[in-house]
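An overview of the molecular structure
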Amino acid sequence: MIVYSATKAEFSEHVVTNQIEDVILAGFRSQFGHGTSPSEIESWNNSLQYMKNALDLAAIPDDAGVAIEYQIPLTSKRVDFILSGLNGDERETVVIVELKQWQEVGATPKDAIVKTALGGSLREVTHPSYQAWTYAALIRDFNVEVQDGGISLFPCAYLHNCTEPSSVKSTFYSEHTAKAPVFVRRDTDLLSDFIRQHVRYGDKTKILYRIENGELRPSKSLADHLASLLKGNREFEMIDDQKVVYETALDLALKAQNGRKQVLLIEGGPGTGKSVMAINLLVDLTNRQFVAQYVSRNAAPRAVYESRLTGTITKSRVTNLFKGSGVYVNTSPDDLDCLIVDEAHRLNEKSGLFRNEGENQIEEIIRAAKFSVFFLDQDQRVTLRDIGNREEIRKWAREAGAELTEQKLESQFRCNGSDGYLAWINSALQIERTAHSTLDKIDFEVRVLDSPTELWEEIENLNRINKKSRVVAGYCWDWKGKKDPEIKDVVIPEHDFAMKWNLDRDGSLWLVSPDSVSEIGCIHTCQGLELDYVGVIIGEDFVIRDGRVVSDASKRSRQDSSVHGYKKMLRENPSEAKSLADMVIKNTYRTLMTRGQKGCYIFCVDEETNDYFKSFVA
């Protein structure tokens, strides 16, 4: 998605006539359905004057292409400035420029991390060369036209207000500046030479149009690349806040070896890269001779990851790397170097088959490791027993005398990188009021179907592409076929629809089982994992009456462990029980509706509720 697209001549005219920020803002509103901050508008006005000067100095032809604020497919990241054309050999080229208004930049001892003044304080951020290079890598990864069309990408960074380049050009960052050179205020001639080297002639082949409308490759799946990761290959490049958080984690791991116990709390929504970072940390720390383990309460991610390693790593070593959250009840203090807890919102108090072991899984994990990392999304707590939240982690870090560091992840890779879609879900499920109450301008496929049969047929067709589309549902039907595979579980008579819950033989591997598209999954077999397209059947536990959500935990199956204890809680404290159950039900559907990277198809058993969701799509 490109907010502003023009020829170099048109761009120059917009800058000279002081229209550029108004034209970009109009395009921004047209594409996203809302405006942006005054600071970003001011940055367009300031930075683009400097870019015009550089293009003029380079004598770039008037018919070269200019794009501003290009949103990278399947992410929420935007490229500041793109120039397209032909080089001296008349080959198609694109120059990517990351623009920064920073006046001063300081070095840090962390890879690809610098510090600068932002938002009234000194903050650690990614080096602009690293940022530009990773953006180019993402475009190359996702866009077929770039990969197969022979379009070459050349990234760079331009800090037009920076007068002291020693830090940003330090040899410590040479690996990154070699891939994407960085230019400062007095380097206009050098920037111009770089641009002129790659764009000598105009964009005669509609390069920008082809990139924007090019076919997208399926995005990378963590499970599919796990074996390669454990061999030390770089399958996923950390971008922006991911890189800052990752380098902070490595730094704290080292600090914990020589001093005070460390706890790192990382919060991020769906698709912000929590699991990718967790696995990368596991690999990196293991390669550095740390005793590290990946921990999750939910068995599905562990089972999928372990299954992908069959034949590439011994079972005993796999077992030592991936653990459930309840195994640290009797672990000695500081017995492990690092515990990396994915889906920390799913942690429980008690452990064991009968939930009669230990006192608190958060406390046990912090006690067992010198350094513990908690990846958290509070809006994915989906059972009454889930205790993982920021206050609980803060409390046990204090109790342990640990130093607590808190970080947030904003970069979005699921739901086509659409923060607007995530905000719409929160609004539609009435979790919170957001600015996105409609699906207008949201770059993510959402459809509401008239029958569960139609939903399943659509998902089955999409699954033929790469086996990464599935149907899931709220746990509102008993699992009658657990012992008898011939029995259909999810039965909706009025639509003559009957399908089986995920079969017991696949267990936690349901999501990646080749034939599982013929079954329906639930929250327990898909949380923490990702699909291309997800079909969601919303049961009678979530209905709309007169425009308002009415949730009812009693409509859940009696076999659903998510709401075990609800009746007792309802007797003892009705208000708290209903509030907690309402949160669990809404979070369940929020989680199910964010499993897809490209689209979500919806069918609601209740007709009024289906009409409610259809009104958004219409």
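Everything discussed here concerns the structure shown above.
Structural notes, computed from the coordinates. (Residues numbered from 1 in each chain as written. Predicted model: local features only at pLDDT ≥ 70, side-chain atom pairs only at ≥ 80, totals over all residues. Heavy atoms only, no water.)

**Some details on the packing of aromatic side chains**
Note the cut-off: Here is the rule: rings of Phe, Tyr and Trp (six-membered ring for Trp) pair when centre to centre is within 6.5 Å. Planes less than 30 degrees apart are stacked, more than 60 are edge-to-face, and the remainder are tilted. The cut-offs for exposure are 20% and 50% of the maximum accessible area for each residue type, with area from a 1.4 Å probe on protein chains only; residues under the lower value are buried, those over the upper are exposed, and the others partly exposed. Sitting over a ring, as applied to charges here, requires NZ of Lys or CZ of Arg to be within 6 Å of the ring centre and within 35 degrees of the ring normal.
Evaluated as defined, the whole model comprises 17 aromatic pairs. On the numbers, 5.1 Å between centres and 75° between planes, the contact of phenylalanine 172 with tyrosine 173 is edge-to-face. Taking the relative accessible area as the measure of exposure, phenylalanine 172 reaches 41% and is therefore partly exposed. For tyrosine 173, a relative accessible area of 0% puts it in the buried group. Members of the aromatic cluster, connected to one another through ring pairs, are Tyr421, Trp424, Phe444, Phe542, Tyr589, Tyr612, Phe613 and Phe616. Across from the ring centre of tryptophan 133, 4.0 Å away, lies the NZ or CZ of lysine 179, which sits over that ring.

**Topic: the sheet that holds strand β9 (residues 182-184)**
Paired through their backbone hydrogen bonds, the strands of a sheet run either parallel or antiparallel. This is how the line gets drawn: Any two strands with at least two DSSP-identified bridges between them are counted as paired. A run of H or I in DSSP counts as a helix once it spans at least four residues, and a run of E counts as a strand once it spans at least two, with each numbered from the N terminus. The convention used is that axes are lines fitted to C-alpha atoms, helices contributing only their stretch in contact, and that angles between N-to-C directions extend from 0 to 180 degrees.
The strand order across the open sheet formed by six strands is β1-β2-β3-β4-β8-β9, and the pairing between neighbours is mixed. Each end of this open sheet is capped by a strand with a single partner; those strands are β1 (2-7) and β9. When strand polarity is set aside, the average angle formed by the axes of neighbouring strands in this sheet is 25°. Sheet topology places strand β4 (residues 92-100) next to strand β8 (residues 152-159); eight bridges connect them, and they run parallel.

**Structural notes on the sheet that holds strand β5 (residues 106-107)**
Keep this limit in mind: It only takes one pair of heavy atoms within 4.5 Å for two residues to be counted as in contact.
With antiparallel pairing, the three strands of this open sheet are ordered in space as β5-β6-β7. The sheet is open, and its two borders are formed by β5 and β7 (121-126), each paired with just one other strand. Pairing geometry for β5 and strand β6 (residues 113-118), over two bridges, is antiparallel. Pairing of alanine 107 across the sheet is with valine 114, part of β6. Each of β6 and β7 touches helix α10 (residues 241-257); the most contacted strand, β7, lies at about 95° to it.

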